Amino acid sequence: MLHKRMKPDWIKVQLGNNKSFKDVKQNLRSNRLHTVCEEAKCPNVHECWGRRTATFMILGDVCTRSCRFCAVKTGRPFVYDEEEPARVAESVRSMGLQHVVITSVNRDELPDGGSAIWAAVIRKVREVNPGTSIEVLTPDFKGIWGQLKTVLDAGPDVYSHNLETIPSLYKDVRPQAKYHRSLRVFKNARNCGFLPKTGIMVGLGESFGEIVELMKNVADTSVDIFTVGQYLQPTPSHLPVERYVHPDEFKEYKKVGEELGIGHVEAGPLVRSSYHAESQFARLRNRWQNQASSG
């Protein structure tokens, strides 16, 4: 087994600083916006910004939860900025995005969990960018159906919520979340006509068999897109990497997941939930169109 501090060649990334990367960075700075790309220390930030894509993180940059895998700051957030929906919409417009991914910190201190702000951002992005598809990656809203429904009623094109890890590791990895509560979130989204998307990390101490069991749960709740990537320790104070998963194992996850009935599995060491999201949505849309024409 590789030493947990030794990164293998297959997860090393190429840094870039091309014009597109600089343009995206300037756009985000001028609009005073946060991205999960930066706040969560995503290894793909140079690639994605170089392709002029970014995942917007709304409701500030301070999270009310303390997940031990996540680099986003934990604490008591500031009062919400009411101009954020307009700034997100303008940033999407000026970047020329055809598909945008929006996520947020948890705002458990707000009476509605931030759901009204979520809806306002979706509607404003749609108003300013009518040809852009919108993918949302939301918190679990503590399982409160009315809050999730507020987001879904705003009409995103893709609904996503991440499981992150196997149920037995929740206490250590994401202590304020509940695995079966997240599964109920998928069921509620499905009942509203969405085919949900979710993602997990590996390398935190789970077994192959435990991942297969999780994928069975995912397939049973009609999740249509599933992502699997390698956990990378963002700082020494976060959970250590237990092992670096070989690329061949990721291929097995893809094979098994799709055999179980998940529509599309994106699996690889550097895969993250919004990695290549635009191409995933394109495949999903084509499949819907083919099903509609054949029906």
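Residues numbered from 1 in each chain as written. Predicted model: local features only at pLDDT ≥ 70, side-chain atom pairs only at ≥ 80, totals over all residues. Heavy atoms only, no water.

Asker: Explain the environment of Glu 84 to me, using residue names and the numbers behind them.
Answerer: For Glu 84, the location among the structural elements is in helix H4 (residues 84–95). Linking Glu 84 and Gly 60, residues 24 residues apart in sequence, is a C-alpha distance of 9.2 Å. In terms of polar contacts, Glu 84 uses its side chain to reach the backbone amide nitrogen of Leu 59, at 3.0 Å. (Helix = DSSP H or I, 4+ residues; strand = E, 2+ residues; numbered from the N terminus. Polar contact = N/O pair within 3.5 Å; in protein donor to acceptor, adjacent residues only side chain to side chain.)

Asker: Tell me about the pattern of salt bridges, and name the residues and values.
Answerer: Under the counting rule described, the total for this entry stands at 16 salt bridges. The salt bridge involving Asp 81 is made with Arg 87; its shortest N-O contact spans 2.7 Å. Given a relative accessible area of 11%, Arg 87 falls into the buried group. Notably, a salt bridge pairs Glu 259 with Lys 255, separated by 3.0 Å at the nearest N-O pair. Placement of the pair is Glu 259 and Lys 255 together in helix H10 (residues 247–259), with a separation of four residues, close to one helical turn. Using a relative accessible area of 57% as the deciding quantity, one classes Glu 259 as exposed. The class of Lys 255 is partly exposed, set by a relative accessible area of 45%. (Salt bridge = Lys/Arg side-chain N within 4 Å of Asp/Glu carboxyl O. Buried < 20%, exposed > 50% of the residue type's maximum accessible area, 1.4 Å probe, protein only.)

Asker: Tell me about the packing of helix H5 (residues 115–128) against helix H6 (residues 145–153), and name the residues and values.
Answerer: Their axes nearest at 8 Å, the elements H5 and H6 cross at an angle of 5 degrees. As summarised for this structure, H5 and H6 are arranged roughly parallel, according to the angle between their axes. In this structure, H5 uses Ser 115, Ala 116, Trp 118, Ala 119, Ile 122 and Arg 123 to contact H6, whose residues at the interface are Gln 147, Thr 150, Val 151 and Asp 153. For the contact of H5 with H6, a count of residues per class yields five nonpolar, three polar and two charged. (Axes fitted to C-alpha atoms, helices over the stretch in contact; angles between N-to-C directions. Parallel < 35°, antiparallel > 145°, perpendicular 65-115°, else oblique. Contact = heavy atoms within 4.5 Å. Nonpolar A, V, L, I, M, F, W, Y, C, P; charged D, E, K, R; others polar.)

Asker: Let's hear about helix H8 (residues 179–191): which residues, and what values?
Answerer: Here H8 contains 13 residues, and its C-alpha end-to-end distance of 19 Å stays within 8% of the 18 Å for a straight helix at 1.5 Å per residue. Three or more residues of H8 are buried, namely Tyr 179, Arg 181, Ser 182, Leu 183, Val 185, Phe 186 and Ala 189. Where H8 is buried, its residues contact H6, strand E7 (158–160), helix H7 (170–173), strand E8 (197–202) and helix H9 (208–220). Of the residues trailing H8, Gly 193 is marked for its positive phi of about 95 degrees. (Expected span 1.5 Å × (residues − 1).)

Asker: Any chance you could break down the nonpolar core for me, citing the residues and the numbers?
Answerer: Ranked by size, the top nonpolar core spans 37 residues in total, and within it Leu 163, Ile 200, Val 202, Leu 214, Met 215, Phe 226 and Tyr 253 carry the most contacts. Broken down by secondary-structure element, the contributors of at least two residues to this core are H7, H8, E8, H9, strand E9 (225–230) and H10. Considering every element that reaches this core, the biggest residue donor is H9, with six residues. Beyond its immediate chain neighbours, meaning those up to four positions away, Tyr 253 contacts Val 202, Phe 208, Ile 211, Met 215, Val 228, Arg 243, Val 245, Val 265 and Ala 267. Formed by 32 residues, the second largest nonpolar core is a distinct cluster that contains Phe 56, Met 57, Cys 63 and Ala 189. (Core = buried A, V, L, I, M, F, W, Y, C linked by side-chain atoms within 4.5 Å.)

Asker: Could you give an account of the pairing of E9, with specific residues and numbers?
Answerer: Counting buried positions along E9 gives six out of six residues, so the element sits mostly inside the fold. Covered by surrounding structure in E9 are Ile 225, Thr 227 and Gly 229 together with Phe 226, Val 228 and Gln 230, the residues of both alternating faces. In this sheet, E9 lies alongside E8 in parallel orientation, the contact comprising six bridges. Following the sheet pairing, Thr 198 is matched in E9 by Phe 226. In the classification by handedness, the crossover that spans E8, the intervening H9 and the parallel E9 is right-handed. Sheet analysis places E9 next to strand E10 (residues 264–267), joined by four bridges and oriented parallel. Residue pairing across strands places Phe 226 opposite Val 265, the latter belonging to E10. (Pairing = 2+ DSSP bridges. Right-handed = clockwise from strand over helix to strand, strands pointing away.)

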